[in-house]
Amino acid sequence: MLFALYLHISTSHQLQLLIETRNTQSAMNQKFVETDTLSRAAHAERQAWMKILATSPSNQVETVWASATELNEIPCEIIRKPERGLVMVRGRAGSAGEQFNLGEMTVTRCAVRLAEGQTGVSYISGRDLEHALIAAKADALLQSETLHDVAYESLIAPLKQNMENSESERAAKVAATR
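Below you will find a few notes about this structure. (Residues numbered from 1 in each chain as written. Predicted model: local features only at pLDDT ≥ 70, side-chain atom pairs only at ≥ 80, totals over all residues. Heavy atoms only, no water.)

**Considering the pattern of salt bridges**
Here is step 1 of the chain: For the structure shown, the criterion picks out five salt bridges.
Here is step 2 of the chain: Between Arg-80 and Glu-83 there is a salt bridge, with its nearest N and O atoms 3.1 Å apart.
Here is step 3 of the chain: Judged by relative accessible area, Glu-83 falls into the buried class, the value being 18%.
Here is step 4 of the chain: Across the pair Glu-83 and Arg-109 runs a salt bridge whose closest N-O atoms are separated by 2.7 Å. Taken together, the residues span a long stretch of sequence, with Glu-83 in strand 4 (residues 76-92) and Arg-109 in strand 5 (residues 99-114) at a distance of 26 residues.
Here is step 5 of the chain: Salt bridges here are not isolated pairs; linked through shared partners, they connect Arg-80, Glu-83 and Arg-109. (Salt bridge = Lys/Arg side-chain N within 4 Å of Asp/Glu carboxyl O. Buried < 20%, exposed > 50% of the residue type's maximum accessible area, 1.4 Å probe, protein only. Helix = DSSP H or I, 4+ residues; strand = E, 2+ residues; numbered from the N terminus.)

**Points about the nonpolar core**
Here is step 1 of the chain: Formed by 27 residues in total, the largest nonpolar core has its most connected members in Leu-53, Leu-71, Leu-141 and Leu-155.
Here is step 2 of the chain: Counting residues per element, the ones that place at least two in this core are helix 1 (40-55), helix 2 (58-67), strand 5, helix 4 (129-143) and helix 5 (148-176).
Here is step 3 of the chain: In terms of residue count, helix 4 provides more of this core than any other element does, nine residues in total.
Here is step 4 of the chain: Filtering out sequence-adjacent residues up to four positions away, Leu-71 remains in contact with Trp-65, Leu-141, Val-150, Ala-151, Ser-154 and Leu-155. (Core = buried A, V, L, I, M, F, W, Y, C linked by side-chain atoms within 4.5 Å. Contact = heavy atoms within 4.5 Å.)

**Here's the deal with the environment of Lys-160**
Here is step 1 of the chain: By the secondary structure assignment, Lys-160 is in helix 5.
Here is step 2 of the chain: Residue classification places Lys-160 among the partly exposed residues on the basis of a relative accessible area of 35%.
Here is step 3 of the chain: It is 8.4 Å that separates the C-alpha atoms of Lys-160 and Ser-56, two residues lying 104 residues apart in sequence.
Here is step 4 of the chain: Among all residues touching Lys-160, those that are not within four sequence positions of it are Ile-52 and Tyr-152.

**Details of the environment of Val-87**
Here is step 1 of the chain: By the element assignment, Val-87 lies in strand 4.
Here is step 2 of the chain: Judged by relative accessible area, which is 14%, Val-87 ranks as buried.
Here is step 3 of the chain: Spatially, the C-alpha atom of Val-87 lies 9.6 Å from that of Ser-125, the residues being 38 residues apart in sequence.

**Notes on the pairing of strand 5**
Here is step 1 of the chain: With 14 bridges connecting them, strand 4 and strand 5 associate as antiparallel partners. Within strand 5, the position partnered with Met-88 by the bridge is Glu-104.
Here is step 2 of the chain: In this antiparallel pair of consecutive strands, strand 4 and strand 5, the connection spans six residues, and Gly-94 shows a positive phi of 75 degrees.
Here is step 3 of the chain: Where strand 5 lies against strand 6 (residues 119-125), seven bridges are found, and the strand directions are antiparallel. Across the sheet, the residue bridging to Ala-111 is Val-121, located in strand 6.
Here is step 4 of the chain: Connecting strand 5 to the next strand, strand 6, in antiparallel fashion are four residues, including Gly-117 with a positive phi near 110 degrees. (Pairing = 2+ DSSP bridges.)

**A closer look at the sheet that holds strand 4**
Here is step 1 of the chain: Reading across from one edge, 4-5-6 is the order of the three strands in this open sheet, with antiparallel pairing throughout. In this open sheet, the two strands that pair with only one neighbour each are strand 4 and strand 6. Each strand axis lies, on average, 25 degrees off the axis of its neighbour in the sheet, ignoring direction.
Here is step 2 of the chain: Strand contacts of helix 4: strand 4, strand 5 and strand 6, with the helix running at about 145 degrees to strand 6, the strand carrying the most contacts. (Axes fitted to C-alpha atoms, helices over the stretch in contact; angles between N-to-C directions.)

**Some points on helix 1**
Since the α-helix packs 3.6 residues into each turn, any two residues three or four apart lie on the same face.
Here is step 1 of the chain: Over its 16 residues, helix 1 runs 22 Å from end to end, which matches the ideal 22 Å to within 8%, given 1.5 Å per residue.
Here is step 2 of the chain: For helix 1, the set of buried residues is Trp-49, Met-50, Ile-52 and Leu-53. For helix 1, the buried positions fall inside an angular range of 155 degrees around the axis, keeping them on one side. Along helix 1, the residues that are exposed and aim more than 90 degrees away from the buried face are Arg-40 and Lys-51.
Here is step 3 of the chain: Lining the buried residues of helix 1 we find helix 2, strand 6, helix 4 and helix 5. (Expected span 1.5 Å × (residues − 1). Arc of directions from axis to C-beta.)

Shown next as structure tokens:
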């Protein structure tokens, strides 16, 4: 299965998501999904936690999720089970050059819904199904008004701290070579 993801933010700050899905046996299907209008601050906050969930190593995400036992027990409906696919990575020559297809990248995606109605989605580079499922559940939990603070402190804060530690170690190694 091959799917491509395109994001477009209109002037009304409404997120429109175009997902093109192509099976080897069937023609291309196109689906448009519009989400509620988000404030800039809410959109930026969600982008920040999704970046942390998506770029953290799978073993760290799974460890943090396993330690958050109160969140593990919250039931959710799986809207789209974790599935692997390919996305086309586009590049640009310079800041004003024409776009070109750089190559394909493996991606795993998932979507879940909590009983309260929050929908969580994830797109993770690589082939780790469990990482995509955990990230989707975490996204839904972080959108919940009642569970946001617990989810942030249990999941995002430790992952963010790990990322900052890794970055400072990398920066120290680079500084030592100058």
